[in-house]
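What follows is each chain in one-letter form.
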Amino acid sequence: MRTALMQGSALPHYHSWIMTLAHALTHPRRSVIRIWLLSTVSTLYVAPGPGAYAADAPAGPRKAEHITVRATEPEKREAERGGGLIKPQHEIRSVSSVDSAFIARQAPISTAYQLVSLLPGANVAASDAMGLSPQTTISVRGLNTDSIGYVLEGMPLNDLAFYSGYPSQFADGENYRQVALSQGAADLDSPVLNAAGGLMSLSFRDPARKAGGMAEVSYGSYNSNRQFIRLDTGLIGRTGLRGFVSYSHTSAENWRGPGHDMRHHIDFKLVRDIGELSHASLVGSFNSTITSYYPQVSKDLFRQYGVSSGNALTSRYDPQNPEEAQLYQRLWRAPERTLYMGAPVSFALTDHLTLRATPYAQGAYGNVPSGSTLPLSGIYTGTQALNDNLVLPSSQDGQALVRANYTQRSTRSGFTSELAWKKGWNELVFGYWFDYGDDHEVQSFSPVSENGASANIWGNGTGNFVRLTNGRMYLAGDNHTISMANALFIGDRMNLLSDRLLVELGFKEVMVSRNGTNAVPGPQYHVGSNSAVPLPRLGMRFQITPQHQVFLNATTNFRAPSFTALYNVYDPTSGEASTNGASNLRNEYSISEELGYRYTGPLVTGSLTFFNYNFTNRQIETQIQINNTPISSTINAGGQTSRGIDVELGLKPWHHFAPYLSGEFLHATIDNDIASNGDLLPTRGKTAVRSPSLQASAGLTYDDGHVFGFASVHYTGRQYATFLNDERISDHTTGDIAVGYRFADMNRFKAPSLRLNLINITNEHYLSGVADPTLNARDATGRYGTTISGSSPDYYIGGGFSALATATAGF
């Protein structure tokens, strides 16, 4: 769901989601997906071959990993270098990851962003400590959340229209086997269109072979509470199937100002091993939330009010004070529901030929509302002036307070497929990715009663809308986009010199088409764009000795513009175009190189990576305010060069202590002046926005099998918020602590444990990140002498101190 603000929770009728998924699988354009899903499900239920479920069956390469909360065996704890924050890597590009042992020590409410926040290059800007707020972003090497690909078990998770990731929608942390962050580039076969900033790969744990489960309860600051339960089926009869399903409920009050967040979440995975070399699975994740809103603030407002109520929504509704009434917290409640489903399969067709595929289907619906006002007369829809005289409650002086809805309904389906031929030292891969998306975004208005109530926060159906005298719903925007992506790729992986030298070559051709309609009156109706982008890549890794390794790579990436860049956006009070869409927009294109060194010794594991990026048509997502309603917009920043160094170091546990260190130096500059108001803003050579020059993290883990703990500290350098570098936020340092104890088994309870997580232990009050960058904060003189007006950027306020106590037990 699109939003730089928030996202939400539950549709009132569950059956509508079944119909959405059915539509995704029965649409004529999705017949291929339907065939894949049906064939996969059929495969899951084929009777197993001899020994498929026998206790002494030979383990294949996809052997299940039974991850529980049981106290870790000593030899496994010894292998957790850096406390699970680092492990030996053998890729041709930089990759960092966190494993299930590290995740189990973190606050159970932590999102995927928070779990990787200590890794090199990762800069997380959050609005609350509990991770429920969708006003959370991550940048990697200065590239924001919409420049990163997100993949769960081979299926894409990025927002269809805006590319952003919303980690509170992703899986529950207890179900992750690993969260990996590839800082430089996505895999050749990754189903993403925007991954210049790298790839976040999320992997589910495999279901256990024995029936059992896990239960967890948490309670903490701001009346936060969470309940989690997971059930493992074990091997189901003689089918060879095994699976798990989990459910969690999370609730918390806002830490800053009024408001309340609620989340319901379900994950599941069903697996069947077919012999030793093949497997099929069905995975899914369902999320339903209603979230509140933390106002993004200017630097001046933060100086004036800090984290007080002056920078928060209001708890009382006063229609006599329209400016304050617009900030009534109930007008900003945002609901959303998402469903992700995929069916990863891998079949060994012969001894040398393997087919891998992941069909997927997804659906999302939500509303991102805000408090606003409408004039009772003189309104516009698009460029058309209306003669209607509105009669609305909560009105005075010719204005009425309303809730401005921004709803997005999207469905998506597709598949990735590849054939891999391997013989001896060579593996050749040929594949195809298809993606079909349908996205409909509507801006409507709902009346607000004299007591501040405004029903139907979902903004769907036919009830509670501002209507014209002819009975039609009054709309400020109505965009509908159909998108299709087709990608062909081929790669060759060569292991030479007795596997000491790995060479990879790849080429990917991505074809993207978009066709849409802007249904409000104006010069636009049909819009569309088509592009084809060639993406070559190469890389190598050389194992100098068993401990020393070097790697290098050169990769090309691109990003198609977000859907909103196609459409004009009109002000409902004037009919003027606030932004102008265009069909001839250029794709962002980048070339990146990495040169790295890795060391894996008996005590120490570490890496050092030098990187370089060159961008053309760099795209920066921001927001504009139209009648107090935030609307997404895109800035073309032209060229950009980013260079830097990543370092990562982790030690094998010594006397149960395992330290970890990471850091990054980044030098990112804008290569050209940026056009503004018929002039050129002098931005050449300026530092790129959201690009702190220094970041550093340190973590220390202790785990003797019973007593365990973790302490971390993270430093983020200052960041510019404008392209002219006339406003920035200062650096900040935050720290977290976790302590816990695992008990011995108690009858049916396996390794019950208690832990306490303390977040932002110094209660640092700080601006955690740039929410909406602007060209210049203050008036500036262009190259041709024109005065270019400035506008203040907005920022996220980082979450304050919070504590969360958790009790966990397996069974």
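Residues numbered from 1 in each chain as written. Predicted model: local features only at pLDDT ≥ 70, side-chain atom pairs only at ≥ 80, totals over all residues. Heavy atoms only, no water.

### Digging into the overall build of the chain
For step 1, the next point in the chain: Along the chain, the regular secondary structure elements total seven helices and 46 strands.
For step 2, the next point in the chain: Here the chain holds 811 residues, and the buried ones make up 61% of them.
For step 3, the next point in the chain: Long-range pairs, those at least 24 residues apart, make up 71% of the contacts in the chain with a sequence separation of at least 6.
For step 4, the next point in the chain: As presented, the chain carries roughly 30,700 Å² of accessible surface, and 58% of it is formed by carbon and sulfur atoms. (Helix = DSSP H or I, 4+ residues; strand = E, 2+ residues; numbered from the N terminus. Buried < 20%, exposed > 50% of the residue type's maximum accessible area, 1.4 Å probe, protein only. Contact = heavy atoms within 4.5 Å. Areas by Shrake-Rupley, 256 points an atom, 1.4 Å probe, with all protein chains shown as cover.)

### A short note on the nonpolar core
For step 1, the next point in the chain: Within the largest apolar cluster, 46 residues are counted, with the highest numbers of intra-cluster contacts made by I138, Y176, V179, M200 and L202.
For step 2, the next point in the chain: L374, L376, L386 and Y474 belong to the second largest nonpolar core, which has 14 residues in total. (Core = buried A, V, L, I, M, F, W, Y, C linked by side-chain atoms within 4.5 Å.)

### Side note on empty space enclosed by the protein
For step 1, the next point in the chain: Counted by the stated rule, this structure contains 15 cavities of 30 Å³ or more.
For step 2, the next point in the chain: Here the largest cavity is characterised by a volume of approximately 620 Å³.
For step 3, the next point in the chain: Lining the largest cavity are 33 residues; nearest its centre among them are Q114, S117, T734, D736 and I759.
For step 4, the next point in the chain: Elements supplying a minimum of two residues to the lining of the largest cavity: α5 (112–115), β2 (122–125), β37 (707–716), β40 (732–742) and β41 (750–759). (1 Å grid on protein atoms, 1.4 Å probe; cavity = no way out; pocket = protein on both sides within 12 Å on 5 of 7 lines; lining within 4 Å. Points joined across faces, edges and corners; volume = space filled by probe spheres on them.)

### So, the packing of aromatic side chains
For step 1, the next point in the chain: This model, assessed by the stated rule, comprises 14 aromatic pairs.
For step 2, the next point in the chain: Seen in terms of ring centroids, F102 and F710 are 5.4 Å apart; in terms of plane orientation they differ by 85 degrees. Their pairing is edge-to-face. Note that F102 is positioned in helix α4 (residues 100–105) and F710 in strand β37, a separation of 608 residues in sequence. Here the two residues F102 and F710 agree in accessibility, since each one is buried.
For step 3, the next point in the chain: Summarising the aromatic geometry, the rings of Y741 and F743 are spaced 4.9 Å apart at their centres and angled 70 degrees between planes, so their arrangement reads as edge-to-face.
For step 4, the next point in the chain: A relative accessible area of 31% means that F743 is categorised as partly exposed.
For step 5, the next point in the chain: Cluster of aromatic residues (ring-pair linked, three or more members): Y113, Y150 and F170. (Phe/Tyr/Trp six-rings, centres within 6.5 Å; stacked < 30°, edge-to-face > 60°.)

### Some points on the pattern of salt bridges
For step 1, the next point in the chain: Summed over the entire model, instances satisfying the criterion amount to 26 salt bridges.
For step 2, the next point in the chain: Where D172 meets R263, a salt bridge forms, and the shortest distance between an N and an O atom there is 2.9 Å. Of this pair, D172 sits in the loop between β5 (155–156) and β6 (176–182) while R263 sits in strand β11 (residues 260–274), placing them 91 residues apart in sequence. The same class applies to D172 and to R263, which are both buried.
For step 3, the next point in the chain: Note that D232 and R230 form a salt bridge whose closest N and O atoms lie 3.9 Å from each other. (Salt bridge = Lys/Arg side-chain N within 4 Å of Asp/Glu carboxyl O.)

### What to know about unusual backbone geometry
For step 1, the next point in the chain: Phi at R141 is positive, roughly 55 degrees, even though this residue is not glycine.
For step 2, the next point in the chain: In this fold, R141 is placed in the loop between β3 (137–140) and β4 (149–152).

### Let's talk about the pairing of strand β42 (residues 767–772)
Every regular strand shows the same layout, with side chains that alternate between the two sheet faces.
For step 1, the next point in the chain: Within β42, six of the six residues are buried, which leaves the element mostly enclosed by the surrounding structure.
For step 2, the next point in the chain: Here β42 pairs with strand β45 (residues 794–797) via four bridges, running antiparallel. Considered in β45, the bridge of V770 is made with Y795. (Pairing = 2+ DSSP bridges.)

### Overview of the side chain of R141
For step 1, the next point in the chain: Judged by relative accessible area, R141 falls into the buried class, the value being 1%.
For step 2, the next point in the chain: Polar side-chain contacts of R141 include one of 2.9 Å to the side chain of E594.
For step 3, the next point in the chain: A polar atom in the side chain of R141 sits 3.0 Å from the side chain of Y613.
For step 4, the next point in the chain: Among residues more than four places away in sequence, those in contact with R141 are S94, G121, Q183, G184, E594, T609, F611, Y613, D646, E664 and L666. (Polar contact = N/O pair within 3.5 Å; in protein donor to acceptor, adjacent residues only side chain to side chain.)

### Overview of the confidence of the model for the chain
Close reading of the predicted structure is inappropriate where its pLDDT is low.
For step 1, the next point in the chain: Averaged over all residues, the pLDDT of the chain is 88; the fraction at 70 or higher stands at 89%.
For step 2, the next point in the chain: Low pLDDT, under 50, characterises residues 2–75; the predicted model gives this stretch 185 contacts beyond four residues in sequence or across chains. (pLDDT = per-residue confidence, 0-100.)

### Observations regarding a nonpolar patch on the surface
For step 1, the next point in the chain: On the surface, I229, L231, V245, Y247, I266, V707, Y741, F743, M746, F749, L754 and F811 cluster together into a nonpolar patch covering about 990 Å² of accessible area.
For step 2, the next point in the chain: At the level of secondary structure, the elements contributing two or more residues to the nonpolar patch comprise β9 (224–232) and β10 (241–253).
For step 3, the next point in the chain: Relative to the assigned elements, Y247 resides in strand β10. (Patch = residues over 30% accessible without salt bridge, like charges linked within 9 Å, V, L, I, M, F, W, Y side chains within 5 Å.)

### Some details on the sheet that holds β5
Note on sheets: strands pair through backbone hydrogen bonds, and any given pair is parallel or antiparallel.
For step 1, the next point in the chain: Read across the open sheet, the five strands follow the order β1-β6-β7-β4-β5; overall the sheet is mixed. Edge positions in the sheet fall to β1 (96–99) and β5, since each has one partner strand and no second.
For step 2, the next point in the chain: Here β4 runs beside strand β7 (residues 199–204); their pairing, made up of four bridges, is parallel. Bridge assignment links G149 to a residue of β7, and that residue is L199.

### Focus: the environment of Q384
For step 1, the next point in the chain: Mapped onto the elements, Q384 comes out in strand β18 (residues 384–385).
For step 2, the next point in the chain: A sequence separation of 188 residues divides Q384 from P572, and the C-alpha atoms of the two residues are 9.5 Å apart.

### Topic: the pairing of strand β15 (residues 353–367)
For step 1, the next point in the chain: Most of β15 sits out of view: twelve of its 15 residues are buried.
For step 2, the next point in the chain: Pairing between strand β13 (residues 334–342) and β15: seven bridges, direction antiparallel. Paired with L339 across the two strands is G363, which belongs to β15.
For step 3, the next point in the chain: Relative to β15, strand β14 (residues 345–348) is paired through four bridges, and the arrangement is antiparallel. Looking across to β15, one finds that F347 is bridged to L355.
For step 4, the next point in the chain: Pairing of β15 with strand β20 (residues 399–423) involves 15 bridges; the strand directions are antiparallel. Across the sheet, residue A361 finds its bridge partner in β20, namely S413.

### Remarks on the side chain of Q169
For step 1, the next point in the chain: Residue position: Q169 is located in the loop between β5 and β6.
For step 2, the next point in the chain: Accessibility expressed as a relative area gives 3% for Q169, which makes it buried.
For step 3, the next point in the chain: A polar atom in the side chain of Q169 sits 3.2 Å from the side chain of E336.

### Quick look at the environment of K299
For step 1, the next point in the chain: Its place among the elements puts K299 in helix α6 (residues 299–305).
For step 2, the next point in the chain: Residues K299 and Y795, 496 residues apart in the sequence, show an inter-C-alpha distance of 7.4 Å.
For step 3, the next point in the chain: Beyond its immediate sequence surroundings of up to four residues, K299 is in contact with E727, R728, I729 and Y795.

### As for the environment of V647
For step 1, the next point in the chain: Along the polypeptide, V647 turns up in strand β32 (residues 640–651).
For step 2, the next point in the chain: Placed 41 residues apart in sequence, V647 and G606 show a C-alpha to C-alpha distance of 7.5 Å.
For step 3, the next point in the chain: Setting aside its immediate chain neighbours within four residues, V647 contacts P120, S607, L608, L661, S662 and G663.

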